[in-house]
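A closer look at the structure
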Amino acid sequence: MVSKISAGIEITVEVFYQSDYSNPLKGEFMFAYRITIENHNKFSVQLLRRHWFIFDSNAEHREVEGEGVVGVQPILAPGEQYTYVSGCNLKTEMGKMQGTYTLINQYSQETFKVPIPAFDLIAPSKMN
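Here's what I pulled together on the structure shown here. Remember, predicted model here, so these are calculated numbers, not experimental data. (Residues numbered from 1 in each chain as written. Predicted model: local features only at pLDDT ≥ 70, side-chain atom pairs only at ≥ 80, totals over all residues. Heavy atoms only, no water.)

1. Details of the sheet that holds strand 2 (residues 9-17)
- The strand order across the open sheet formed by 4 strands is 1-2-3-7, and the pairing between neighbours is antiparallel. Here the strands that pair on one side only, and so sit at the sheet edges, are strand 1 (2-6) and strand 7 (81-90). Averaged over all pairs of adjacent strands, the angle between strand axes in this sheet comes to 20°, irrespective of strand direction.
- Here strand 1 runs beside strand 2; their pairing, made up of 5 bridges, is antiparallel. Across the sheet, the residue bridging to Ser3 is Thr12, located in strand 2. (Pairing = 2+ DSSP bridges. Helix = DSSP H or I, 4+ residues; strand = E, 2+ residues; numbered from the N terminus. Axes fitted to C-alpha atoms, helices over the stretch in contact; angles between N-to-C directions.)

2. Notes on the environment of Glu65
- As for its placement among the helices and strands, Glu65 is situated in strand 5 (residues 61-67).
- With sequence-adjacent residues up to four places away left out, Glu65 is seen in contact with Arg49, Arg50 and His51. (Contact = heavy atoms within 4.5 Å.)

3. Re the pairing of strand 8 (residues 94-105)
- Across 11 bridges, the pairing between strand 4 (residues 45-56) and strand 8 is antiparallel. Bridging from a neighbouring strand, Arg50 pairs with Tyr101 of strand 8.
- Counting the residues in the hairpin turn of strand 8 and strand 9 (residues 111-122) gives 5 residues, including Gln109, whose phi is positive at 65°.

4. What about the pattern of salt bridges?
- Overall, the coordinates contain 3 salt bridges when judged by the stated rule.
- In this structure, Glu14 and Arg34 form a salt bridge, with 3.0 Å as the shortest nitrogen-oxygen distance. Pair noted here: Glu14 is in strand 2 and Arg34 is in strand 3 (residues 29-39), with a separation of 20 residues, a long-range link.
- Note on Glu14: relative accessible area 28%, which makes it partly exposed.
- Between Asp120 and Lys96 there is a salt bridge, with the nearest N and O atoms lying 3.8 Å from each other. Of the two residues, Asp120 is situated in strand 9 and Lys96 in strand 8; the sequence distance between them amounts to 24 residues. (Salt bridge = Lys/Arg side-chain N within 4 Å of Asp/Glu carboxyl O. Buried < 20%, exposed > 50% of the residue type's maximum accessible area, 1.4 Å probe, protein only.)

5. Details of the nonpolar core
- Residues Ile11, Tyr33, Ile35, Ile37, Trp52 and Tyr101 are the most contacted members of the largest nonpolar core, which totals 26 residues.
- Listed by contribution, the elements that provide at least two residues to this core are strand 2, strand 3, strand 4, strand 7, strand 8 and strand 9.
- Every residue in contact with Ile37, bar those within four places of it in the chain, is listed here: Ile9, Glu10, Ile11, Leu47, Leu76, Glu80, Gln81, Tyr82, Tyr84 and Tyr101. (Core = buried A, V, L, I, M, F, W, Y, C linked by side-chain atoms within 4.5 Å.)

6. Structural notes on the environment of Phe119
- With respect to the element layout, Phe119 can be found in strand 9.
- A residue is classified by how much of its surface remains accessible, and Phe119, at 3% relative accessible area, is buried.
- Counting along the chain gives 116 residues from Phe119 to Ser3, while the straight-line C-alpha distance between them is 9.5 Å.
- Not counting the four nearest positions on each side in its chain, Phe119 is found in contact with Val2, Val13, Val15, Tyr33, Trp52, Gly95, Lys96 and Met97.

What is shown is where atoms sit, not what they do.
Next comes the structure, spelled out in structure tokens:
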């Protein structure tokens, strides 16, 4: 599990290898990740966008960008948190993800970016 606080927003990530959805013989490795976003500010924020950088150990990388997370743009009051689960597929058993969320301060209407800490995607067979 990795965690980071930036601009009063704490991002915590936990990763799970999805063996039931993976097929190593075909180069298909599926990972799920649970992200918790917690607002430590004295103002409400809304998550507007996500921007991911996904790296595979075969030197491939891709970017995923879009509105919100899992189809929503959650609003977090001071002290509130939002948790969601999503997934990522790789062609190898090792990789890494990192990125940014774009949020808006609900009081001042200013947007700001918060880094999503880098986290490893490693199939259990690679850890032995």
